[in-house]
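Each chain, written out:
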Amino acid sequence: IAAVEAESPDAVLLVGDIFDDVLPWDDSEALVRSLAAQYPCYYVTGNHEYWSGEVDEICRIIQAAGAVVLHGSSSALRIDDQTINICGIPDPSDPISTSMVLQRAASDADPDAFTVLLAHRPERIEKYDATGDFDLVVSGHAHGGQVRIPGVLNGLYAPNQGFFPEYAGGLYEVDGT
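Being a predicted model, the structure only gives us computed values, none of them experimental.

## Details of the pattern of salt bridges
On inspection of all chains with the given rule, the structure shows 3 salt bridges. Arg33 is paired through a salt bridge with Glu29; the nearest N and O atoms lie 3.0 Å apart. Here Arg33 and its partner Glu29 are both found in helix H2 (residues 26-38), 4 residues apart, which amounts to about one turn of the helix. A residue is classified by how much of its surface remains accessible, and Glu29, at 26% relative accessible area, is partly exposed. Arg60 serves as the salt-bridge partner of Glu57, at 2.8 Å between the closest nitrogen and oxygen. Within this pair, Glu57 and its partner Arg60 are both found in helix H4 (residues 55-64), separated by 3 residues, close to a single helical turn.

## Considerations on H2
The terminal C-alpha atoms of H2, which comprises 13 residues, lie 19 Å apart, in line with the 18 Å expected from a rise of 1.5 Å per residue. Among the residues of H2, Ser28, Val32, Leu35 and Ala36 are the ones counted as buried. In a view along the axis of H2, the buried residues occupy a sector of 100 degrees, so they form one face of it. Of the residues in H2, the exposed ones pointing more than 90 degrees away from the buried face are Asp26, Asp27 and Ala37. In this structure, the buried residues of H2 make contact with helix H1 (2-7), strand E1 (12-14), strand E2 (41-43) and H4.

## Details of the sheet that holds strand E7 (residues 136-138)
With respect to topology, 4 strands assemble into an open sheet ordered E4-E5-E6-E7, the strand pairing being mixed. Single-partner strands in this sheet number two, and they are strand E4 (73-79) and E7. Adjacent strand axes in the sheet meet at a mean angle of 25 degrees when their direction is disregarded. In terms of strand pairing, E4 meets strand E5 (residues 82-88) through 7 bridges, oriented antiparallel. Paired with Ser74 across the two strands is Cys87, which belongs to E5. Running over the sheet, helix H5 (residues 98-108) touches E4, E5 and strand E6 (114-118) and is turned about 35 degrees from E4.

## Some remarks on the sheet that holds E1
Strand-to-strand pairing in sheets goes through backbone hydrogen bonds, with the strands running parallel or antiparallel. Overall, parallel pairing links the 3 strands, which are arranged E1-E2-E3 in an open sheet. Edge positions in the sheet fall to E1 and strand E3 (68-69), since each of these pairs with one other strand and no more. Pairing of E2 with E3, which is carried by 2 bridges, proceeds in the parallel orientation. Within E3, the residue paired with Tyr43 across the bridge is Val69.

## Here's the deal with H5
Looking only at H5, the buried set comprises Thr98, Val101, Leu102 and Ala105. One side of H5 carries all its buried residues, which in axial view fall inside an arc of 105 degrees. The inward-facing, buried residues of H5 abut E4, E5, E6 and helix H6 (125-131). Capping the start of H5, Ser97 holds a side-chain oxygen 3.3 Å from the backbone nitrogen of Ser99, two or three residues further along.

## A word on the environment of Arg104
You can see Arg104 is positioned in helix H5. Look at Arg104 and you get partly exposed, because its relative accessible area is 35%. Looking at Arg104, its side chain comes within polar contact range of the main-chain oxygen of His71, at 3.0 Å.

Criteria and cut-off values
- Residues numbered from 1 in each chain as written.
- Predicted model: local features only at pLDDT ≥ 70, side-chain atom pairs only at ≥ 80, totals over all residues.
- Heavy atoms only, no water.
- Salt bridge = Lys/Arg side-chain N within 4 Å of Asp/Glu carboxyl O.
- Helix = DSSP H or I, 4+ residues; strand = E, 2+ residues; numbered from the N terminus.
- Buried < 20%, exposed > 50% of the residue type's maximum accessible area, 1.4 Å probe, protein only.
- Expected span 1.5 Å × (residues − 1).
- Arc of directions from axis to C-beta.
- Contact = heavy atoms within 4.5 Å.
- Pairing = 2+ DSSP bridges.
- Axes fitted to C-alpha atoms, helices over the stretch in contact; angles between N-to-C directions.
- Polar contact = N/O pair within 3.5 Å; in protein donor to acceptor, adjacent residues only side chain to side chain.

Given below as structure tokens:
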């Protein structure tokens, strides 16, 4: 929480795996509650929430803590005089079609505003880019690569990407997104 406060963010974007499928949820709930009390918070599910078998309960806890749960939807965030669309889709572990929720999230967004997509899995960037007009996609899942050597190796292994992952951490440009 102190690390987030030190950055003085305008908003906090939570891109899944906030709750674990094995570990107790107390710390996760306290984290979301504390952050949402100070900043606008937006959340999408990750695979660990689905693996828990209790994704609906987790989403209820996160909403009750004060964060906005995005599930194929969009929310307008006002910062100074600017509107930013914050769109979000559930992890592909959800039985809903990724294309369908991407289209629904994009259709809810103001086409004239800067648009951010929260999507847990970075390796699906081409699908996100093809389906919606997103200016920025924020993802997690890759855990920054399982082994990193700064300046030399940007991740030895990442889930769903394998060895030497393309999207393990950092900023990537894909067709203007």
